[in-house]
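Commentary on secondary and tertiary structure
As a plain string of letters, each chain reads:
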Amino acid sequence: MTVNMFRLAYVDFLSKDPTNMVEYYTDTMGYRITEEQDGITYLSNGYDHHNIVITPSDKQAIRSYGYQLDGKLSLEEVQEKFIASGIDSRIHEDAKPGVARFIELNDPAGNTIELFTEIDQPAVGFSGVGISPLKLGHVAFLANNYEETITFYKDVLGFTFTDKIGESFANFLTCNTDHHVLNIIAADETRLHHIAFQVKDASHQYAASDLLAKHGRPIIWGPSRHTAGSNIATYHRDPDENVVELYTDMDVYVPELNIFEPRPWHTEMPYKPKVWDNLSVWGTEYQFDLAKI
Ligand SMILES: [Fe+2]
């Protein structure tokens, strides 16, 4: 039996501007605060104890990424697998509100990841204000040793490789049926590239853009349909300048067939994992000034 996780459950931000980050996640994104402890704020997308954590800090960074395991192996059994692979890990008890036990380890890029089988689910519901995305869907991060990092997520954590953009630029991996849960970008440093939330459909995306405009958060790219993943995406920045993607229409991976479920906008059939050479199906570049045509 292999280590098997099935979702990205939370992202814990180190924030230089926690007051405005919490305000952004409550008023703009529509998340609900479930707990505040030691200055750290836990926010929920409706069901889990937290999907976003804002931890005050003197730097802007990611404190940890939290993934939920399928529970077929105990944390001790998972740790035995890591030991067999020569990977250092620590089991924590009562170290984080909402997650009674988790394994902490570092990926080869230096990210801290927390793996757990259970998270409290207070089911606080949706707030009815703000964007209220359906879920936290994926993260993209720059990795200074991306090949080793990709191998780690595939071989140690059981992720499946889907698409690439360029031979090495962006590498998409999944641990469920979403086209990607992770996007690992080759770089000479490790940091977050963007965090992404799924919205309901195009009308939800448009309404979200209006809401972002009201909150003074301009769209910096999009909407356009990506090649890898087919997701229609917009990007904006949070108060800490992290890039946030709102997307819909992401490809659904069928692992048994190694294809994506057919969609009318696909350019070939079957639609299989492949290497892409550009970002946008629509040819959107956003490099020119529309006012000057
Ligand atoms: Fe993305």
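Keep in mind the model is a prediction, meaning the values are calculated, not measured.

1. Notes on the overall build of the protein chain
On a plain count of helices and strands, the protein chain comes out with four helices and 19 strands. Expressed as lengths along the three principal axes of its C-alpha atoms, the size of the protein chain is roughly 60 × 45 × 35 Å. Among the 293 residues that make up the protein chain, the fraction classed as buried is 51%. For the protein chain, the share of sequence-separated contacts (at least 6 apart) that also reach a separation of at least 24 residues comes to 63%. Each charge class in the protein chain can be summarised by its mean position, and for the 23 positive and 43 negative side chains these summaries are 4 Å apart.

2. Concerning the sheet that holds strand 16 (residues 243-248)
The sheet built from nine strands is open, its strands ordered 14-15-16-13-9-12-11-10-19 with mixed pairing. Single-partner strands in this sheet number two, and they are strand 14 (221-225) and strand 19 (275-276). Here three bridges tie strand 14 to strand 15 (residues 232-237), and the two strands are oriented antiparallel to one another. Considered in strand 15, the bridge of W221 is made with Y235. Each of strand 9 (135-143), strand 10 (160-165), strand 11 (170-174) and strand 12 (182-186) touches helix 3 (residues 146-156); the most contacted strand, strand 12, lies at about 160° to it. Where helix 4 (residues 202-214) meets the sheet, it contacts strand 14, strand 15 and strand 16, and its direction lies at approximately 150° from that of strand 16.

3. Some details on the nonpolar core
In this structure, Y25, Y67, Y153 and L157 are the most contacted members of the largest nonpolar core, which totals 53 residues. A per-element tally of this core places helix 3 first, with five residues. Residues from two domains meet in this core; each of domain 1 (5-116) and domain 2 (135-276) gives at least three. Contact partners of L157, with chain neighbours within four places excluded, come to V3, M5, F82, I113, L115 and F152. Core analysis: the second largest hydrophobic core is formed by eleven residues, L142, I165, F172 and F260 among them.

4. Describing the domain arrangement of the protein chain
By the assigned domains, the protein chain splits into domain 1 (5-116) and domain 2 (135-276). Centre-to-centre, using C-alpha coordinates, domain 1 lies 20 Å away from domain 2. In this complex, domain 1 contributes 37 residues to the contact, which on the side of domain 2 involves 35 residues. At the boundary of domain 1 with domain 2, total buried surface from both sides reaches about 2,700 Å², with 66% on carbon and sulfur atoms. Linking domain 1 with domain 2 are zero salt bridges. At the boundary of domain 1 and domain 2, one finds eleven residue pairs in polar contact (both at pLDDT 80 or more). Elements with a contribution of two residues or more to the side of domain 1 that touches domain 2: strand 1 (5-15), helix 1 (18-28), strand 5 (61-69), strand 7 (99-106) and strand 8 (112-116). The leading source of residues in the side of domain 1 that touches domain 2 is strand 1, at ten residues.

5. Points about the pairing of strand 3 (residues 40-44)
Burial runs high along strand 3: five of the five residues are buried. The two faces of strand 3 match: I40, Y42 and S44 on one face and T41 and L43 on the other face are all buried. By the bridge criterion, five bridges tie strand 2 (residues 32-37) to strand 3 in an arrangement that is antiparallel. Bridged to E35 within strand 3 is Y42. When strand 3 meets strand 4 (residues 52-56), the two strands line up antiparallel, connected through three bridges. Directly across from L43, in strand 4, lies its bridge partner I52.

The rules we used
- Residues numbered from 1 in each chain as written.
- Predicted model: local features only at pLDDT ≥ 70, side-chain atom pairs only at ≥ 80, totals over all residues.
- Heavy atoms only, no water.
- Helix = DSSP H or I, 4+ residues; strand = E, 2+ residues; numbered from the N terminus.
- Buried < 20%, exposed > 50% of the residue type's maximum accessible area, 1.4 Å probe, protein only.
- Contact = heavy atoms within 4.5 Å.
- Lys, Arg positive; Asp, Glu negative; His and termini not counted.
- Charge placed at Lys NZ, Arg CZ, Asp CG, Glu CD.
- Pairing = 2+ DSSP bridges.
- Axes fitted to C-alpha atoms, helices over the stretch in contact; angles between N-to-C directions.
- Core = buried A, V, L, I, M, F, W, Y, C linked by side-chain atoms within 4.5 Å.
- Domains from an automatic or database assignment.
- Buried area = accessible area lost by both parts, 1.4 Å probe.
- Salt bridge = Lys/Arg side-chain N within 4 Å of Asp/Glu carboxyl O.
- Polar contact = N/O pair within 3.5 Å; in protein donor to acceptor, adjacent residues only side chain to side chain.

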